[in-house]
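Architecture and fold: a report
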Amino acid sequence: IFFWIIAIIYICLNYSKINISNHFIKIALFISAVLLILPPLPAFAIYFCLIHSFHHIRRIIPTLLDFMERKKAIFLMIFFSVFSWIGCGIAFYYLSNLNTYPDTILKVTFVGLAALTFPHMILVDGIFRSKFKI
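Residues numbered from 1 in each chain as written. Predicted model: local features only at pLDDT ≥ 70, side-chain atom pairs only at ≥ 80, totals over all residues. Heavy atoms only, no water.

What the protein chain contains, in helices and strands, is 5 helices and 0 strands. Ordered by position from N to C terminus, the α and β elements of the protein chain give α-α-α-α-α. Burial status across the protein chain gives 17% buried among its 134 residues. Taking as baseline every contact in the protein chain between residues at least 6 positions apart, the subset at least 24 positions apart corresponds to 48%. (Helix = DSSP H or I, 4+ residues; strand = E, 2+ residues; numbered from the N terminus. Buried < 20%, exposed > 50% of the residue type's maximum accessible area, 1.4 Å probe, protein only. Contact = heavy atoms within 4.5 Å.)

In this section: the layout of surface pockets. Empty space within the largest pocket amounts to approximately 1,900 Å³. Looking at the largest pocket, it is lined by 45 residues, and the ones nearest its centre are Phe-48, Ser-81, Ser-84, Leu-116 and His-120. Broken down by element, the lining of the largest pocket gets its largest block of residues, 20 residues, from helix 5 (residues 101-132). Its residues assigned to classes, the lining of the largest pocket shows 32 nonpolar, 10 polar and 3 charged. (1 Å grid on protein atoms, 1.4 Å probe; cavity = no way out; pocket = protein on both sides within 12 Å on 5 of 7 lines; lining within 4 Å. Points joined across faces, edges and corners; volume = space filled by probe spheres on them. Nonpolar A, V, L, I, M, F, W, Y, C, P; charged D, E, K, R; others polar.)

Before going further, it helps to spend a moment on the packing of aromatic side chains. Enumeration over the complete set of coordinates arrives at 7 aromatic pairs. The interplanar angle of 10° and the centroid separation of 6.1 Å between the aromatic rings of Phe-79 and Phe-83 together place this pair among those described as stacked. Of this pair, Phe-79 and Phe-83 both sit in helix 4 (residues 70-96), separated by 4 residues, roughly a single helical turn. For Phe-79, a relative accessible area of 41% corresponds to the partly exposed category. Look at Phe-83 and you get exposed, because its relative accessible area is 56%. (Phe/Tyr/Trp six-rings, centres within 6.5 Å; stacked < 30°, edge-to-face > 60°.)

Residue pairs three or four apart in sequence face the same way in an α-helix, which turns once every 3.6 residues. When the terminal C-alpha atoms of helix 3 (residues 40-67) are compared, their 39 Å separation across 28 residues agrees well with the 40 Å that a helix rising 1.5 Å per residue should span. The principal kink in helix 3, of about 35°, is found at Phe-48. When helix 3 is considered as a whole, its buried residues turn out to be Ala-43, Ile-51, Ser-53, His-56, Ile-60, Thr-63 and Leu-64. (Expected span 1.5 Å × (residues − 1). Bend = angle between axes of the 7 residues up to and from the residue.)

Judged by nonpolar contacts, Ile-60, Leu-64, Met-68, Ala-73 and Val-124 together constitute the single largest core of 5 residues. Aside from chain neighbours lying at most four places away, what touches Ala-73 is Leu-65 and Met-68. (Core = buried A, V, L, I, M, F, W, Y, C linked by side-chain atoms within 4.5 Å.)

The subject of this paragraph is the side chain of Thr-104. In this fold, Thr-104 is placed in helix 5. Apart from the residues lying within four places of it in its own chain, the contact partners of Thr-104 are Phe-92, Leu-95, Ser-96 and Asn-99.

For the protein chain, per-residue confidence averages 79 on the pLDDT scale, and residues scoring 70 or more make up 85% of the total. Ranking the elements of the protein chain by mean pLDDT puts helix 1 (residues 2-14) last, at 73, and helix 4 first, at 87. (pLDDT = per-residue confidence, 0-100.)

What follows covers a nonpolar patch on the surface. A cluster of nonpolar residues, Phe-2, Phe-3, Ile-5, Ile-6, Ile-9, Leu-13, Leu-36, Ile-37 and Leu-38, forms a patch on the protein surface that exposes about 950 Å² of accessible area. The set of elements that each furnish at least two residues to the nonpolar patch consists of helix 1 and helix 2 (22-37). If one sorts the elements of the nonpolar patch by residue count, helix 1 sits on top with 6 residues. Turning to its location among the elements, Leu-36 is positioned in helix 2. (Patch = residues over 30% accessible without salt bridge, like charges linked within 9 Å, V, L, I, M, F, W, Y side chains within 5 Å. Areas by Shrake-Rupley, 256 points an atom, 1.4 Å probe, with all protein chains shown as cover. Salt bridge = Lys/Arg side-chain N within 4 Å of Asp/Glu carboxyl O.)

This brings us to the environment of Ile-8. Structurally, Ile-8 can be placed in helix 1. C-alpha separation for the pair Ile-8 and Leu-29, spaced 21 residues apart in sequence, amounts to 7.2 Å. Setting aside chain neighbours within four positions, we find Ile-8 in contact with Ala-28, Leu-29 and Ser-32.

So this is what it looks like as structure tokens:
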């Protein structure tokens, strides 16, 4: 935490010299405040849902709409989201019989993220980014 705070202070004091946008500074300060105030799981959820997902979707959607109808893109997003939530619910149900509630939430969250991250990285970084230059 000490080095994180020092890095944020350095960036704030020297952002004009290191050519970082004001928008980046606001995001970095927001993330820092969230990480300092909240426990790890809610802090990660806020970062992931509000920052990572927003920027990722904002970059991917225009490219999807270049070769796919809007209704089909929305249907696929809803389908894969619902499918993921169902998988999460099944995993939660089975793990809740073996663990306490907080342990189950942590395991489902991080094992689920690991299971989704690998195919996501292959799709986005391996195929999508190189093919469509995003």
